[in-house]
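Spelled out, the chains give:
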Amino acid sequence: MAIIETEAALHEAHRDNHTHRDVNGGWLRPAVFGAMDGLVSNLALMTGVAGGSVSHQTIVITGLAGLAAGAFSMAAGEYTSVASQRELVEAELDVERRELRKHPQDEEDELAALYVARGVEPELAREVARQLSEDPEQALEIHAREELGIDPGDLPSPLVAAVSSFGSFALGALLPVLPFLLGATALWPAVLLALAGLFGCGAVVAKVTARSWWYSGLRQLALGGAAAGVTYALGSLFGTAVG
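Residues numbered from 1 in each chain as written. Predicted model: local features only at pLDDT ≥ 70, side-chain atom pairs only at ≥ 80, totals over all residues. Heavy atoms only, no water.

### Description of the pattern of salt bridges
A pair can form between side chains of opposite charge whenever their charged atoms are brought close. For the coordinates displayed, the defined rule picks out seven salt bridges. Linking Arg 86 and Glu 90 is a salt bridge whose minimum nitrogen-to-oxygen distance equals 3.2 Å. A residue pair is termed a helical-turn pair when its members lie 3 or 4 positions apart in one helix, as Arg 86 and Glu 90 do in helix H3 (residues 56–102) at four residues. Given the relative accessible area of 28%, Arg 86 is considered partly exposed. Note on Glu 90: relative accessible area 34%, which makes it partly exposed. Note that Arg 145 is salt-bridged to Asp 151, the shortest N-O span being 3.1 Å. Of the residues examined, Arg 145 reaches a relative accessible area of 41% and is grouped as partly exposed. (Salt bridge = Lys/Arg side-chain N within 4 Å of Asp/Glu carboxyl O. Helix = DSSP H or I, 4+ residues; strand = E, 2+ residues; numbered from the N terminus. Buried < 20%, exposed > 50% of the residue type's maximum accessible area, 1.4 Å probe, protein only.)

### Some remarks on the confidence of the model for the protein chain
Residues at a pLDDT of 70 or more form 86% of the protein chain, whose mean pLDDT is 85. Scored below 50 in pLDDT, residues 1–11 shows zero contacts in the model against residues more than four places distant or in partner chains. (pLDDT = per-residue confidence, 0-100. Contact = heavy atoms within 4.5 Å.)

### Topic: the packing of H3 against helix H6 (residues 136–148)
At a closest axis distance of 10 Å, the pairing of H3 and H6 adopts a crossing angle of 125°. One finds that H3 runs oblique with respect to H6. Pair H3 / H6 crosses with right-handed handedness. Across the interface between the two elements, Glu 92, Leu 93, Glu 96, Arg 97 and Leu 100 from H3 touch Pro 136, Glu 137, Ala 139, Leu 140, His 143, Ala 144, Glu 147 and Leu 148 from H6. The residue makeup of the contact of H3 with H6, split by class, is seven nonpolar, one polar and five charged. (Axes fitted to C-alpha atoms, helices over the stretch in contact; angles between N-to-C directions. Parallel < 35°, antiparallel > 145°, perpendicular 65-115°, else oblique. Left-handed = near helix turned anticlockwise from the far one by under 90°. Nonpolar A, V, L, I, M, F, W, Y, C, P; charged D, E, K, R; others polar.)

### What to know about helix H8 (residues 188–205)
For an α-helix the count is 3.6 residues per turn, leaving residues at separations of three or four pointing the same way. Taking 1.5 Å of rise per residue, 18 residues should cover 26 Å, and H8 covers 26 Å from first to last C-alpha, within 8% of that figure. Looking at H8, one finds that the buried residues are Ala 190, Ala 194, Leu 195, Gly 197, Leu 198, Gly 202, Ala 203 and Val 205. (Expected span 1.5 Å × (residues − 1).)

### Concerning H6
The first and last C-alpha atoms of H6 sit 17 Å apart over 13 residues, in line with the 18 Å expected at 1.5 Å per residue. Among all positions in H6, only Ala 139, Leu 140, Ile 142, His 143 and Ala 144 are buried. Tucked inside the fold, the buried residues of H6 contact H3, helix H4 (104–117) and helix H5 (122–132). Where H6 starts, the residue carrying a side-chain oxygen 3.2 Å from the main-chain nitrogen of Glu 137 turns out to be Asp 135. (Polar contact = N/O pair within 3.5 Å; in protein donor to acceptor, adjacent residues only side chain to side chain.)

Rendered as structure tokens:
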């Protein structure tokens, strides 16, 4: 009796606290990728130009131009890719919808066979498939989940992806430029702020993944620092050669 009561209590607690984060909303990947890309690409762009011993004004203009161009490019790319993916999914849903309308019994048998393959008794599988198939929209959703692995009601939004990508890229790309806009005349404040931003972004990303915050932060810091170092060296080399 005590075991049953314990299991019931655990089930109640599990039901009350069992929640998941949104992993299909379409905003997390472009937002994270945009912020990282904005930081790394604009930092690398500015350090590469600075390596060529150009003026303070040229570095600032380069950073602002990189911010604007990169943000619009990221937004356009995300919108196009997510819209294309969504259109492909909708086309497949139309195919499934036509099959349900033209061959309802075949689709019902197919659904029953899927449940049988998963271990459900044949008679029960047929009855479940029959009841689920009574509602055409529900049947479409079930077939889409089982056959295509998608949720028709939770498709990613191209607009959300584009806006998330634009805003996060612009925010990330702003960090290396910010010290110059506030009056700095040397490169090192911009580098330090950008590297701190990379570590911070990596640490924040770890909150929604299984990685530890310090590992994720140091990984982004190392990648961004390496990119800045390489482009600065190339800028110095090309600047000397051109000069």
